[in-house]
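Single-letter residue listing:
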Amino acid sequence: MTLRAEIKCVGYNGQISLGKEYAGKQVQVLKSEEGTITIKTGTFIPDNERWLYQGDNLEKLNKAIAEAKSRPRSDNYEEIKKRILEND
């Protein structure tokens, strides 16, 4: 691991340029109380999608997708409608 130090100037709008190699990438900005800022690249999970990665939810979803792909499609809308109405 090679450390490279660069001096950047924060513009009046509060922005700095990290360089074109970071264009379009997600970054995490960590601020410590001492005034140190650490920027990490990565892929981050939105809060409303985080449930998918908790417990065995991802495994359950993958099983459900595999099950759906293994069954032939059918036009049984009337049957489904009937079942829904019976359970109301």
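All chains use their own residue numbering, which begins from 1 and follows the written sequence. Per-residue local features are limited, in this predicted model, to residues with pLDDT of at least 70; the limit for side-chain atom pairs, both in listing and counting, is 80 or more; totals at the level of whole chains, interfaces and linings are taken over all residues. To get the side-chain values, all heavy atoms of the structure are used, and hydrogens and water are removed first.

(A) Here's a closer look at the environment of Ser32. Only DSSP runs of H or I covering at least 4 residues are called helices, and only runs of E covering at least 2 are called strands; the numbering of each starts at the N terminus. Among the structural elements, Ser32 can be located in the loop between β1 (27–31) and β2 (37–41). The class for Ser32 is partly exposed, based on a relative accessible area of 29%. Residues adjacent in sequence count toward polar contacts only when both atoms are side-chain atoms; beyond that, a polar contact is any pair of N or O atoms within 3.5 Å, and within protein one must be able to donate a hydrogen and the other to accept it. Here Glu34 takes part through its side chain, which lies 3.1 Å from a polar atom of the side chain of Ser32. Using a 1.4 Å probe on the protein chains alone, a residue whose accessible area is under 20% of its type maximum counts as buried, one over 50% counts as exposed, and one in between counts as partly exposed.

(B) How the structure looks around the pattern of salt bridges. Any Lys or Arg side-chain nitrogen found within 4 Å of a carboxyl oxygen on Asp or Glu counts as a salt bridge. Under the criterion given, the structure shown has seven salt bridges. Notably, a salt bridge pairs Glu6 with Lys8, separated by 3.6 Å at the nearest N-O pair. For Lys60, the salt bridge is made with Asp56, and the minimal N-O distance between the two is 3.7 Å. For Asp56, a relative accessible area of 38% corresponds to the partly exposed category.

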